[in-house]
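# Report on the structure
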Amino acid sequence: MLDYEVVKEFLEEKLEGIEIPDDVVLKDLVETFCRYVEDDYYEWLNDNFKSFFDHWKPNRMGYYSKS
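First, a word on scope: everything that follows refers to the structure included in this document. (Residues numbered from 1 in each chain as written. Predicted model: local features only at pLDDT ≥ 70, side-chain atom pairs only at ≥ 80, totals over all residues. Heavy atoms only, no water.)

### What to know about the packing of aromatic side chains
To keep things clear, this is the line we draw: The criterion for an aromatic pair is that two Phe, Tyr or Trp rings (for Trp, the six-membered ring) have centres within 6.5 Å, with stacked assigned to planes under 30 degrees apart, edge-to-face to planes over 60 apart and tilted to the rest. A run of H or I in DSSP becomes a helix once it reaches four residues, and a run of E becomes a strand once it reaches two; helices and strands are each numbered from the N terminus.
Inspection of the entire model under this criterion finds two aromatic pairs. Between Y41 and W44, the ring centres sit 5.8 Å apart and the planes meet at 20 degrees, which makes this aromatic pair stacked. Residue Y41 and its partner W44 are both found in helix α2 (residues 26-54); the two are separated by three residues, about one turn of the helix.

### Remarks on a nonpolar patch on the surface
The cut-off we apply is this: In this analysis, a patch consists of residues with relative accessible area above 30% that form no salt bridge, clustered at 9 Å for like charges and at 5 Å for the nonpolar side chains Val, Leu, Ile, Met, Phe, Trp and Tyr. Surface accessibility follows the Shrake-Rupley procedure with a 1.4 Å probe radius. Residue values consider only the protein chains on display as shielding. Salt bridges, as used here, are contacts in which a Lys or Arg side-chain nitrogen is within 4 Å of a carboxyl oxygen on Asp or Glu. The rule is simple: take the accessible area with a 1.4 Å probe, protein chains only, and divide by the maximum for that residue type; under 20% is buried, over 50% is exposed, in between is partly exposed.
On the surface, M1, Y41, W44 and L45 cluster together into a nonpolar patch covering about 470 Å² of accessible area. Along the chain, L45 falls in helix α2. Using a relative accessible area of 35% as the deciding quantity, one classes L45 as partly exposed.

### Topic: a negative patch on the surface
To keep it simple, the criterion reads: We treat Lys and Arg as the positive residues and Asp and Glu as the negative residues; His and chain ends play no part in the count. Think of each charge as sitting on NZ of Lys, CZ of Arg, CG of Asp or CD of Glu.
Side chains of D39, D40, E43 and D47 sit close together on the surface and give a patch of like negative charge. You can see D40 is positioned in helix α2.

Below you can see the structure in the form of structure tokens.
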């Protein structure tokens, strides 16, 4: 779901100057971080889905579909 290369570049930039233990492989760190973010993103989507549809108000379609 996430672009692995974009996440890798992001982590490389954010971790610059931070000492990562020798036994931590960047590839594993990136994959684990991607899974973490995807899980959080999925929960965020679920919460927004529930909010949008459980409290359905017909004017939401009109309001949010405006260009």
